[in-house]
Amino acid sequence: MSPRRLKLVLILAILGASALAMLAWTQVWVRAEVGLPDAGTQVLQIDGAIAAPALTALALSGFALAAALTIAGRLIRVVLGALEVLLGFSVFLAAYLAVEDPSQASAAAVTAATGVAGHESIQLSVLGTVVTAWPFVAMGAAVVMAATGVTVITTSARWPGPTRKYQGVRFEPVAAPDGSLKAAPVTVDVSTEPTPADSVGDWDDLSRGEDPTAR
């Protein structure tokens, strides 16, 4: 796989895993049967927003990280890869805790329905729980996020750099008519790849008084 294609695949993998985590967050994670005072029992539908409220922020961070990878330099790509691994671990932990203790994951909904608060009281109020597949889907997305982050770290050195033509300016002394020395700007082309045509770049060239069709 070429470096450019690899970069695209990894960025799409991050976006897909983040979207899957966000989708899981909107679905029902736990069905909890709760004993209500003087009212029998009630089955509460606990979605990811209650069971793992931090999941949405983590998924959105994945989207932002994927966008940053499209323009990041080599060192920043390594840092972003490490952050993606951390995001994957955090998503997995949030989902795992909901699966490990579904009663506690349902605490906010149980308190709203019964008025009961406190860990022990909630445990007594919850008569039974059923965990759906969605927290496991979130855990799967987390594994993909972490694996992609590791791949970014190990392969980002081979990714292509920015393709926009950049120019640097340095000053060299030149002789003025009166014999004094003055600094004059000298344009230095520091690009290593051909410049692709794009509308933003054309507008930038026009604003500098350059003809974009001459490239």
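Please refer to the structure placed before this passage.
Quick look at the structure, then.

The rules behind each value
Residues numbered from 1 in each chain as written. Predicted model: local features only at pLDDT ≥ 70, side-chain atom pairs only at ≥ 80, totals over all residues. Heavy atoms only, no water. Core = buried A, V, L, I, M, F, W, Y, C linked by side-chain atoms within 4.5 Å. Buried < 20%, exposed > 50% of the residue type's maximum accessible area, 1.4 Å probe, protein only. Helix = DSSP H or I, 4+ residues; strand = E, 2+ residues; numbered from the N terminus. Pairing = 2+ DSSP bridges. Axes fitted to C-alpha atoms, helices over the stretch in contact; angles between N-to-C directions.

Regarding the nonpolar core
Moving on, step 1. Counting residues in hydrophobic clusters, the biggest one holds 43 residues, and the most contacted among them are Trp29, Leu69 and Val91.
Moving on, step 2. Going through the elements one at a time, helix H1 (3–25), strand S1 (28–35), strand S2 (41–47), helix H3 (55–69), helix H4 (74–100), helix H6 (107–114) and helix H8 (134–155) are the ones with two or more residues in this core.
Moving on, step 3. No other element matches H1, which puts eight residues into this core.

Observations regarding the sheet that holds S1
Moving on, step 1. In spatial order, the strands read S2-S1-S3; together these three strands make up an open sheet with antiparallel pairing. Edge positions in the sheet fall to S2 and strand S3 (126–131), since each has one partner strand and no second. Across the sheet, the axes of successive neighbouring strands diverge by a mean angle of 20 degrees, strand direction being ignored.
Moving on, step 2. As judged from the seven bridges shared by S1 and S2, these two strands associate in the antiparallel manner. Along S2, the bridge assignment pairs Val28 with Asp47.

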